[in-house]
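Notes for the structure review
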Amino acid sequence: MFRSISIALVLSTTAFPGLSQQTADTVAPEAEADAVSAFDGISPELQASLAAKQDGVPAEAQTWMIAAANPWAVQAGARVLQNGGTAADAMVAVQATLGLVEPQSSGLGGGAFLVWYDAATGAVTTLDGRETAPLAATPTLFQDAAGEPLKFFDAVVGGRSVGTPGTPRLMETAHRMWGRANWGSLFDDAIALAEDGFPVSPRLAALVEGDADRLKRFPDTAGYFFPNDVPVQVGDLLINEAYADTLRQIAADGSAAFYTGAIAEDIVSAVRTASGNPGVLSTTDLALYRVIERPAVCVPYRNHDVCGMGPPSSGALTIGQILGTLEPFALADRDPMDPDTRRLIGDASRLAFADRGRYMADSDYVPVPTKGLVAPDYLKTRSDLLNGDTALEEVAPGEPEFDHALIWADDDSIELPSTSHISIVDAEGNALSMTTTIENGFGSRLFVRGFLLNNELTDFSFRTHRNGVPIANRLEPGKRPRSSMAPTIVLKDDAPVLVIGSPGGSRIIGYVAQSIIAHLDWGMDIQQAVSAPHLLNRFGTYDLEEGTDAETLAEPLEALGFKVNTRALTSGLHAIAVGDTLRGGADPRREGIAFGK
Ligand code: GLY
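The notes below deal with the structure included here. (Residues numbered from 1 in each chain as written. Predicted model: local features only at pLDDT ≥ 70, side-chain atom pairs only at ≥ 80, totals over all residues. Heavy atoms only, no water.)

So, about the overall build of the protein chain. Looking only at helices and strands, the protein chain has 21 helices and 23 strands in total. What you see for the protein chain is a C-alpha radius of gyration of 22 Å, in line with the 25 Å of a compact globule of 597 residues. On the principal axes, the C-alpha backbone points of the protein chain span a range of 60 × 55 × 50 Å. Counted over contacts in the protein chain with a minimum sequence separation of 6, partners at least 24 positions apart contribute 74%. About 19,600 Å² of surface is accessible on the protein chain, with carbon and sulfur atoms providing 50% of the total. For the protein chain, the distance from the average position of its 44 positive side-chain charges to the average position of its 76 negative side-chain charges is 4 Å. (Helix = DSSP H or I, 4+ residues; strand = E, 2+ residues; numbered from the N terminus. Rg over C-alpha atoms; globule rule 2.2 N^0.38 Å. Contact = heavy atoms within 4.5 Å. Areas by Shrake-Rupley, 256 points an atom, 1.4 Å probe, with all protein chains shown as cover. Lys, Arg positive; Asp, Glu negative; His and termini not counted. Charge placed at Lys NZ, Arg CZ, Asp CG, Glu CD.)

And the structure:
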């Protein structure tokens, strides 16, 4: 069934004018209209899943399921699961394919966080495959000669922003810990697709066109995305021989083929010679890279345990704080679109983001009050702040209990969204939630050996101090930049009931937290939960998703004292609800699907 990898070449020439400032987060949903023609070559069963998503119907299966950002990647993972592979095996095939068909969001040149539920032991653990700062990087890497922060894209584009990639070693580590399939075989579909060519999706075509000025700065990048100086178009068959060759080497020799030898040397050379903005990555950085297994951060909510990725990600702590702060309020009895319901969620989120900005960073480098931030007594003090009738006039970090305290200043990291999320449940009941990224859309824009290099270092604070007080998320050699990625597994009675995550920069936190609320408190099915209009508050402004019912709350929220901003909110939620059956939801705002058997 999954053997039909032959490509239907569709010569659609749809263009998306006016996208010149788009990032990977902000392609308009109308791009979805051409999605079916770009995915004509996938199997009929996956076509049916794509159509079901467009009708707002959850995917349903009995045994295993995948939800991810591109049907070609889901098809590769489905074949692995169909052949008896585990969720970890399937992830390798999905990630290898995403790096080809959705190169702007994740790939070998980036990093990822993975949360794993082990059906045999009932344990939940996490793998940290975050990029690291090069050993030669200094805390002032993103400052000009006067000590002022660089403009965001001046920092991003080129070699300066490139951290040591973690994704290849994460794939290998997960496979070694929980995989069963032959490692090399997991790359077969991605290699075939890279050699034969894949039809360019509407989303990729629109993003290439919108990012032309930056992508064209580097000849190798321009040559791939602008053949004959013309941006790739929807349905064009894009061949990537270099990527096939890279995958073949990793399939044969493991991630060592990436972290040492000719591929590593080419990565370092691209970074160090990047025209106008070179970086300091070295072959030593690559050779030393390691994936770190860390305990999951689990926070109780409505008799469930919400488990996710702790520092260096702020994802699980901030989601845990939002949910924990809301626990005393009976959201299930409230209308989701009641302004006061949104006051509670919005201000719980603002309070959590205030703590995030001060306290959360790589806990291997700075003390983070991981337990204190989600301690019930502390969260009760934050809930008490929500007992008024109007928006909080002032939102400040609280004083969680530290195991070992230092004083930190509030940070001002800039995060623009891209990224991708994979959720998988296998036939044995193992669950995998992995958020994967090269940071900004197209990362650093440096293209080496068929993949893009990340710009993850710009997730550090560009400033090192504020009023003489150090910022926890400042850059230090070897440190991992703070993330917002929030791969999440929700458990009830120690068994998974929801596997979820999203791209979206620091908006990830709100996308995931509110989907959990929609599913657990408001009983929405998983497709409804991921499709629900977004209303997000991080730093004070209430962002309402344009073109949705969320817009109707603009005036009522303003009357409560919030500043309101209506805009596109392009999440990429991929979720699996686990019950008597598996039910999957894929975000209608992007090109992904959920599919299972
Ligand atoms: N670069 C996106 C994140 O880690 O949150």
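So, next bit.
Glu439, Glu456, Asp459, Ser483 and Ser484 are the nearest of the eight residues found near the ligand. In the model, a nitrogen atom of the ligand is placed 2.9 Å from a nitrogen or oxygen of the glutamate 439 side chain. Burial of the ligand by the protein chains amounts to 100% of its free accessible area of 200 Å². Of the residues assigned to the shell around the ligand, the class counts are one nonpolar, two polar and five charged. (Near = heavy atom within 4 Å. Polar contact = N/O pair within 3.5 Å; in protein donor to acceptor, adjacent residues only side chain to side chain. Nonpolar A, V, L, I, M, F, W, Y, C, P; charged D, E, K, R; others polar.)

This brings us to the packing of aromatic side chains. Taken as a whole and assessed by the stated rule, the structure comprises 14 aromatic pairs. Pairwise contacts between aromatic rings join Tyr224, Phe225, Phe442 and Phe447 into one cluster. Here the basic side chain of arginine 214 rests over the ring of phenylalanine 153, its NZ or CZ set 3.7 Å away from the ring centre. (Phe/Tyr/Trp six-rings, centres within 6.5 Å; stacked < 30°, edge-to-face > 60°. Lys NZ or Arg CZ within 6 Å of the ring centre and 35° of its normal.)

Where helix α15 (residues 315-326) contacts helix α19 (residues 508-520), the two axes come as close as 10 Å, and the packing angle between them is 45 degrees. By the angle between their directions, the pair α15 and α19 is classed as oblique. Seen along the crossing, α15 lies across α19 with a hand that is right-handed. Residues Gly315, Thr318, Ile319, Ile322, Leu323 and Leu326 of α15 touch α19, and the partners they reach there are Ile509, Val512, Ala513, Ile516 and Ile517. (Axes fitted to C-alpha atoms, helices over the stretch in contact; angles between N-to-C directions. Parallel < 35°, antiparallel > 145°, perpendicular 65-115°, else oblique. Left-handed = near helix turned anticlockwise from the far one by under 90°.)

Across all of its chains, the model carries one disulfide by this definition. What pairs with cysteine 298 in a disulfide is cysteine 307, and their sulfur atoms sit 2.1 Å apart. Across the S-S bond linking cysteine 298 and cysteine 307, the dihedral sits near 115 degrees, which makes this disulfide right-handed. (Disulfide = S-S within 2.5 Å.)

The next subject is the nonpolar core. Counting residues in each nonpolar core, the largest one holds 105 residues, and the members touching the most others are Leu114, Phe187 and Phe225. Here this core takes 11 residues from helix α4 (residues 87-101), the largest share from any one element. Counting residues in each nonpolar core, the second largest holds 42 residues, with Ile322, Leu351, Leu386 and Leu573 among its members. (Core = buried A, V, L, I, M, F, W, Y, C linked by side-chain atoms within 4.5 Å. Buried < 20%, exposed > 50% of the residue type's maximum accessible area, 1.4 Å probe, protein only.)

Of note, isoleucine 322 is situated in helix α15. Taking relative accessible area as the criterion, isoleucine 322 reaches 2% and is therefore assigned buried. Along the backbone, isoleucine 322 and glycine 372 are 50 residues apart, and their C-alpha atoms lie at a distance of 14 Å. Every residue in contact with isoleucine 322, bar those within four places of it in the chain, is listed here: Ala348, Ser349, Ala352, Ile509 and Ala513.

The next subject is the packing of helix α3 (residues 71-82) against α4. Relative to each other, α3 and α4 sit at 155 degrees, their axes nearing to 8 Å. Here α3 lies roughly antiparallel to α4, going by the angle between them. Between α3 and α4 lies a crossing of right-handed hand. Across from Trp72, Ala73, Ala76, Gly77, Val80 and Leu81 in α3, the residues of α4 making contact are Ala87, Asp89, Ala90, Ala93, Val94, Thr97, Leu98 and Val101. The residue inventory of the contact of α3 with α4, partitioned by class, reads 11 nonpolar, two polar and one charged.

To continue, consider the pattern of salt bridges. If you walk through the whole model with that rule in mind, you get 28 salt bridges. Note that aspartate 189 and arginine 79 form a salt bridge whose closest N and O atoms lie 2.8 Å from each other. You can see aspartate 189 sitting in helix α7 (residues 188-196) and its partner arginine 79 sitting in helix α3, a full 110 residues away along the chain. The same class applies to aspartate 189 and to arginine 79, which are both buried. Here aspartate 543 ties to arginine 538 by a salt bridge, and the two come within 4.0 Å at their closest N and O atoms. Within this structure, Asp128, Arg294, Asp364 and Arg480 form a network of salt bridges that share partners. (Salt bridge = Lys/Arg side-chain N within 4 Å of Asp/Glu carboxyl O.)

Let us look at the sheet that holds strand β16 (residues 488-492). Read across the sheet, seven strands follow the order β1-β22-β21-β17-β16-β9-β8 without closing on themselves; strand pairing throughout is antiparallel. Of all strands in the sheet, those bounded by a partner on one side alone are β1 (59-61) and β8 (297-301). Between one strand axis and the next, the sheet turns by 25 degrees as a mean value, whatever way the strands run. Both strand β17 (residues 495-500) and strand β21 (residues 574-578) contribute to a ladder of two bridges, which runs antiparallel. From the neighbouring strand, valine 499 faces β21, where its bridge partner is isoleucine 576. Seen against the sheet, α15 touches β8, β9 (304-308) and β16 and runs at an angle of roughly 15 degrees to β8. (Pairing = 2+ DSSP bridges.)

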